[in-house]
Amino acid sequence: MTRSSEGQCVLAVDVGGTTIKGAVFGEDGQFRHALVVPSRADDDPVEAVRSLCRQLRDDALALGATPAAIGVVTPGLVDETEGVVRYAANLRFRNVPLRAFIGADLGLPVAVGHDARAAGIAEAVAGAASGLDNFLLLPLGTGIAAAVVVHGAPVPGATGSAGEVGHMPVYPGGEPCSCGQRGCLEVYASAGGLARRYARLGGTPGLDSQAIAEAVATDPVARTVWDDATQALGTALATLTLTLDPARIILGGGLADAGVLFFDPVRDALHAALAWRTPPPLLRSAFGAQAAQVGAAIMARRKADLPVPDGWGVPELARTGAGPYV
């Protein structure tokens, strides 16, 4: 890391079920530095997040940049007003006062939010939903949640749990989910669920969703789980379309990186489930797996009362910080 004068910056942290991703964003929205650690590397998952935040602050200072604020986003039930993660099963978080912890550690303003809603903010400012007031964004990663954007703002819901579409029952009585239900969407159509089903049905152990996508043409088990995933997602998107009537649906996360192999059958399933109306356009996220991180940076700028012009956080630059397909 080369020291240089970078001026004011914001820090952004995306806490996922597999990794914790941190980044330093310059005033122009460009990545200056990225840091990734496993989210389960520490016996204390809260300390793992706090440790990364401290390291990210130190790295920014080493670059010659002055952090103005930090945005931290997680899955689960997030009270954005209080800055508390009420419950996140994959992270072993329950009633964690992240804003208070990180604020005390760093001495900076802290914005805490939901990862999917943060991703929606990024897509609205500079991505695939630019200029739209009503859209859906579904990042498909370890789990599945949705950003439901209505009249230009992400909808949190009465309890902060709006958009937990990964637990929609798409196959009633189907395979068990970690939430205690059966047949949930994320069992079949998340990157993590796809890999688990593939191994459980007799596929080569240890393959991730990218490897499974590459094997679809020659591996019958890969084809089966892929077809189940795309059918389940298309069915869920039809239900969401009939409920919310979005102008556009955006898919992000690792599975979306498979391109037409994934999008074509999902579109077909969505069309088939909407016999009497035209489905909304289905697009790939402009920011991919980095959308939540970019959204966290935008939240940090707003927390610091810094401007966020349209186009802030250029997608091409955000992708340079992206990790491998997950």
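Anything mentioned here points back to the structure above.
Residues numbered from 1 in each chain as written. Predicted model: local features only at pLDDT ≥ 70, side-chain atom pairs only at ≥ 80, totals over all residues. Heavy atoms only, no water.

### A short note on helix H3 (residues 115-126)
Moving on, step 1. Taking 1.5 Å of rise per residue, the 12 residues of H3 would be expected to cover 16 Å, and the 17 Å separating its terminal C-alpha atoms lies within 8% of that figure.
Moving on, step 2. Along H3, the positions that sit buried rather than exposed are Asp115, Ala116, Arg117, Ala118, Ala119, Gly120, Ile121, Ala122, Glu123, Val125 and Ala126. (Helix = DSSP H or I, 4+ residues; strand = E, 2+ residues; numbered from the N terminus. Expected span 1.5 Å × (residues − 1). Buried < 20%, exposed > 50% of the residue type's maximum accessible area, 1.4 Å probe, protein only.)

### Re the sheet that holds strand S2 (residues 19-26)
Moving on, step 1. With mixed pairing, five strands are arranged side by side in an open sheet as S3-S2-S1-S4-S8. Edge positions in the sheet fall to strand S3 (31-38) and strand S8 (110-114), since each has one partner strand and no second. The mean inter-strand angle of the sheet, taken between neighbouring strand axes irrespective of direction, is 20 degrees.
Moving on, step 2. Sheet topology places strand S4 (residues 65-74) next to S8; five bridges connect them, and they run parallel. Following the sheet pairing, isoleucine 70 is matched in S8 by valine 110.
Moving on, step 3. H3 rests against strand S1 (7-15), S4 and S8 of the sheet, and its axis sits at about 105 degrees to S8.
Moving on, step 4. Lying on the sheet, helix H9 (residues 291-303) is in contact with S1, S2, S3, S4 and S8; it crosses S1 at an angle near 130 degrees. (Pairing = 2+ DSSP bridges. Axes fitted to C-alpha atoms, helices over the stretch in contact; angles between N-to-C directions. Contact = heavy atoms within 4.5 Å.)

### Observations regarding the pattern of salt bridges
Moving on, step 1. Under the counting rule described, the total for this entry stands at 15 salt bridges.
Moving on, step 2. Linking aspartate 28 and arginine 32 is a salt bridge whose minimum nitrogen-to-oxygen distance equals 3.1 Å.
Moving on, step 3. Residue arginine 86 is joined to aspartate 79 by a salt bridge in which the shortest nitrogen-to-oxygen separation is 3.1 Å.
Moving on, step 4. A residue is classified by how much of its surface remains accessible, and arginine 86, at 34% relative accessible area, is partly exposed. (Salt bridge = Lys/Arg side-chain N within 4 Å of Asp/Glu carboxyl O.)

### As for the state of the cysteines
Moving on, step 1. One pass over the full model with this rule turns up zero disulfides.
Moving on, step 2. No disulfide involves cysteine 177; its sulfur sits 3.7 Å from the nearest other cysteine sulfur, which is in cysteine 179.
Moving on, step 3. Classification of cysteine 177 by relative accessible area gives buried; the value is 10%. (Disulfide = S-S within 2.5 Å.)

### Notes on the packing of aromatic side chains
Moving on, step 1. Applying the stated criterion to the full structure yields five aromatic pairs.
Moving on, step 2. Between phenylalanine 25 and phenylalanine 31 the ring centres are 4.6 Å apart and the planes differ by 50 degrees, which places this aromatic pair in the tilted class.
Moving on, step 3. Pairwise contacts between aromatic rings join Phe25, Phe31 and Trp312 into one cluster.
Moving on, step 4. The positively charged end of arginine 50 is found above the aromatic ring belonging to phenylalanine 101, 4.5 Å away from the centroid. (Phe/Tyr/Trp six-rings, centres within 6.5 Å; stacked < 30°, edge-to-face > 60°. Lys NZ or Arg CZ within 6 Å of the ring centre and 35° of its normal.)

### Details of the nonpolar core
Moving on, step 1. Grouped together as the largest cluster of nonpolar side chains are 44 residues, with contacts concentrated most on Leu138, Leu185, Trp226, Leu233, Leu237, Leu251 and Phe262.
Moving on, step 2. Those elements that provide at least two residues to this core are strand S9 (135-140), helix H4 (185-189), helix H5 (191-200), helix H6 (209-215), helix H7 (220-244), strand S12 (249-253) and helix H8 (260-273).
Moving on, step 3. The residues touching leucine 251, leaving out its near neighbours within four places in the chain, are Leu138, Leu233, Leu237, Ala256, Phe262, Phe263, Val266, Leu282, Leu283, Arg284 and Ser285.
Moving on, step 4. Counting 34 residues, the second-largest nonpolar core is a separate cluster that includes Val10, Ala128, Ala147 and Ile298. (Core = buried A, V, L, I, M, F, W, Y, C linked by side-chain atoms within 4.5 Å.)

### Observations regarding the sheet that holds strand S7 (residues 93-96)
Moving on, step 1. With antiparallel pairing, three strands are arranged side by side in an open sheet as S5-S6-S7. Each edge of the open sheet carries a strand with a single partner, namely strand S5 (77-79) and S7. Strand-to-strand twist of the sheet, defined as the mean angle between neighbouring strand axes without regard to direction, takes the value 15 degrees.
Moving on, step 2. Relative to strand S6 (residues 84-88), S5 runs antiparallel, the two sharing three bridges. The residue bridging leucine 77 from the neighbouring strand is tyrosine 87, located in S6.

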